[in-house]
Every structure is written in C-alpha cells, then in structure tokens.
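What follows is the residue order along each chain.
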Amino acid sequence: GGDRALTSFMHFYTEYPFEAREREVEGEVVLAFVVDETGEVTQPQIARSLGHGCDEAALRTIKGMPRWQPARVQGIPVRSTQYVKVRFQLER
C-alpha cells in the first residue's frame, strides 16, 4: 500500500485516451470514491474533470482497483472518502 503503490498502480493501468493524445491534452483528473468497511472501492466519481476521454480512463482504472485497507476508528473498520489525482502527461 501507500502513496507510491497507488501512483504506480494508476500509472501502469490507466490508458492515455487517443483523443487526449491527438489534442495534446495534459493535466489532472481528481477522483473521489468511498472505501467501505471491507476495503472495497465504491461510488467513484469525478471531482475535477479534464475531459477528452481522460475522466473515463481514470474511472475505469479506479473501478478495477483491488481492495484497500479500510480506515479504522478505535480499531473498528469504517467507511472513508478518498481523493486521488490521476496525472495525464505526454512523453516528449
């Protein structure tokens, strides 16, 4: 787990959309989602859009994520809202 693992997962599994490549679109999509008590990622949504297919690509990746470690309050697993930035940057 951790930020480095999340960044690696997102980089490896998020496909740069053709339209965004063609138009040389770069930037970030911010996703919001809930990690439930079992660690499942639910209710993914776009918090900040980039468009040109990037939003959909980021959502597909989040929906395919393995379970997370759920947040805990006094040792009891609880639901928590998480935010993830997905960076789209063309290689030059």
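Going by the structure above, here's the rest.
Residues numbered from 1 in each chain as written. Predicted model: local features only at pLDDT ≥ 70, side-chain atom pairs only at ≥ 80, totals over all residues. Heavy atoms only, no water.

> Help me get a handle on the pairing of strand β1 (residues 27–35), residues and values and all.
Remember that side chains alternate between the two faces of the sheet whenever the strand is regular. Judged by how many residues are buried, β1 sits mostly within the fold: 8 of 9 residues are covered. Direction of pairing for β1 relative to strand β5 (residues 80–88): antiparallel, over a ladder of 9 bridges. Residue pairing across strands places V34 opposite T81, the latter belonging to β5. Connecting β1 to the antiparallel partner strand β2 (residues 41–48) that follows it, the hairpin turn spans 5 residues, and G39 within it adopts a positive phi of roughly 95°. (Buried < 20%, exposed > 50% of the residue type's maximum accessible area, 1.4 Å probe, protein only. Helix = DSSP H or I, 4+ residues; strand = E, 2+ residues; numbered from the N terminus. Pairing = 2+ DSSP bridges.)

> Mind laying out unusual backbone geometry, listing which residues take part and the relevant values?
We note that E24 has phi near 55°; this positive angle belongs to a residue other than glycine. Within the element layout of this structure, E24 appears in the loop between α2 (18–22) and β1. For E24, a relative accessible area of 55% gives the class exposed. Within the chain, Q74 stands out as a residue other than glycine whose phi angle is a positive 50°. Inspection of the secondary structure assignment puts Q74 in the loop between β3 (71–73) and β4 (76–78). Its relative accessible area of 79% is what places Q74 among the exposed residues.

> If you had to explain the environment of E37 to someone new, which residues and values would you point to?
Residue placement: E37 occurs in the loop between β1 and β2. The class of E37 is partly exposed, set by a relative accessible area of 38%. The spatial distance from the C-alpha of E37 to the C-alpha of A71 is 7.5 Å, given a sequence separation of 34 residues. Non-local contacts of E37, meaning those with residues more than four positions away in its chain, are made with P70, P77, V78 and R79. (Contact = heavy atoms within 4.5 Å.)

> Could you give an account of the packing of aromatic side chains, with specific residues and numbers?
In total, this model carries 4 aromatic pairs according to the counting rule given. Here F12 and Y13 contribute two aromatic rings whose centre-to-centre distance is 4.8 Å and whose plane-to-plane angle is 85°, an arrangement assigned as edge-to-face. Look at F12 and you get exposed, because its relative accessible area is 64%. Through successive ring pairs, a cluster of aromatic residues spans F9, F12 and Y13. (Phe/Tyr/Trp six-rings, centres within 6.5 Å; stacked < 30°, edge-to-face > 60°.)

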